[in-house]
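In case you want the letters, here they are:
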Amino acid sequence: MKVSTLLTGALASLTAAQSPAPYTDAKSGITFSTFQHSSGLFFGLALPTNNTGNTDFIATVGGKGTGWSGSVLSSFRKAAQYGSPAVTTGTFSQSPIANGTYVNSTHWTYTFLCQKCIQSDGTTFKTTDQTANIGYAVNANAPSQKTNVASTVTKHSDAGQVEFDLSQAKSDKFDTWKAYAAPKTAHSFQA
Ligand SMILES: *[C@@H]1O[C@H](CO)[C@@H](O)[C@H](O)[C@H]1NC(C)=O
Ligand SMILES: *[C@@H]1O[C@H](CO)[C@@H](O)[C@H](O)[C@H]1NC(C)=O
Ligand SMILES: *[C@@H]1O[C@H](CO)[C@@H](O)[C@H](O)[C@H]1NC(C)=O
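Scoring rules and cut-offs
Residues numbered from 1 in each chain as written. Chains lettered and ligands numbered in written order. Predicted model: local features only at pLDDT ≥ 70, side-chain atom pairs only at ≥ 80, totals over all residues. Heavy atoms only, no water. Phe/Tyr/Trp six-rings, centres within 6.5 Å; stacked < 30°, edge-to-face > 60°. Lys NZ or Arg CZ within 6 Å of the ring centre and 35° of its normal. Near = heavy atom within 4 Å. Polar contact = N/O pair within 3.5 Å; in protein donor to acceptor, adjacent residues only side chain to side chain. Areas by Shrake-Rupley, 256 points an atom, 1.4 Å probe, with all protein chains shown as cover. Nonpolar A, V, L, I, M, F, W, Y, C, P; charged D, E, K, R; others polar. Salt bridge = Lys/Arg side-chain N within 4 Å of Asp/Glu carboxyl O. Helix = DSSP H or I, 4+ residues; strand = E, 2+ residues; numbered from the N terminus. Buried < 20%, exposed > 50% of the residue type's maximum accessible area, 1.4 Å probe, protein only. Pairing = 2+ DSSP bridges.

In the nomenclature of an unreviewed UniProt entry, the protein chain is known as Cellobiose dehydrogenase-like cytochrome domain-containing protein of Neocucurbitaria cava.

This is how it looks when you write it as structure tokens:
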């Protein structure tokens, strides 16, 4: 009884702390439904209101300029087992949005258009879903090779799942924001 009460209490506080909320990035002007992690790391999601045929989203990730940060490198990874996930490639791509990608006096921020990232096979959420549970894993330690996008990464110090109400991430400005993205190719850059 005690254990289940404790667990319920812990889950309730976790849920309360992890509800994504609207956040507008001041530099790009893009509004995201954003999950704020207790470490200062955040992940925001933006989607179009019209789902038909859509496979794209815009995301912003960032964190406080403490621990290991300073330049931003990005790659797609896929975990096949416990361990540092390997780089994976496919038809999906990410293209940075220049004015949503910066380092200021307190934070680093990377904003990108993720094209063909919503997979219909169930690997991700579907565009028609009401909610999406998005997992994360974080560690403030540096990757072993800081300038290599394919570097191995250290085991997470914290991980979890966040439920996004997808209706909160939708905007009819999506197509305008999507056009801010640079042509796909860049997988690594200095911010
Ligand atoms: C961000 O850049 C786009 C062009 O890429 C521009 O249209 C938009 O107005 C900029 N956002 C702000 C808030 O200045
Ligand atoms: C939604 O997008 C589809 C595919 O681009 C298009 O055919 C349709 O007209 C759009 N619907 C609305 C209401 O804009
Ligand atoms: C720096 O950018 C972050 C977003 O990553 C924002 O929350 C914060 O207010 C900005 N800090 C300053 C000092 O402008």
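**Section: the packing of aromatic side chains**
Per the counting criterion, the structure on display carries six aromatic pairs. Each ring, one from Y110 and one from F112, has its centre 4.8 Å from the other, and the planes form 20°; the classification is stacked. Across the ring face of Y102, the terminal group of K27 is positioned such that the distance to the ring centre comes to 4.8 Å.

**What about the site of ligand 3?**
Contacts to ligand 3 come from Y23, F42, Y102, N104, S105, T106, H107 and T109. Residue T106 places a side-chain N or O atom 2.9 Å away from a nitrogen atom belonging to ligand 3. Here an oxygen atom of ligand 3 and a side-chain polar atom of T109 are 2.5 Å apart. When ligand 3 sits alone it has 360 Å² of accessible area, and the protein chains cover 58% of it. When its residues are assigned to classes, the shell around ligand 3 shows three nonpolar, five polar and no charged.

**Re the pattern of salt bridges**
In total, this model carries one salt bridge according to the counting rule given. Between K178 and D56 there is a salt bridge, and its shortest N-O distance comes to 2.8 Å. Note that K178 is positioned in helix α2 (residues 174–178) and D56 in the loop between β3 (42–48) and β4 (57–64), a separation of 122 residues in sequence. A residue is classified by how much of its surface remains accessible, and K178, at 26% relative accessible area, is partly exposed. Under the relative-accessibility criterion, D56 is labelled buried at 6%.

**Examining the pairing of strand β2 (residues 31–36)**
In this structure, strand β1 (residues 21–24) lies alongside β2, joined through four bridges in antiparallel fashion. From the neighbouring strand, Y23 faces β2, where its bridge partner is F32. In textbook terms, the turn of a hairpin is the stretch between consecutive antiparallel strands, and for β1 and β2 this stretch comprises six residues, one of which, G29, has a positive phi near 80°. Here four bridges tie β2 to β3, and the two strands are oriented antiparallel to one another.

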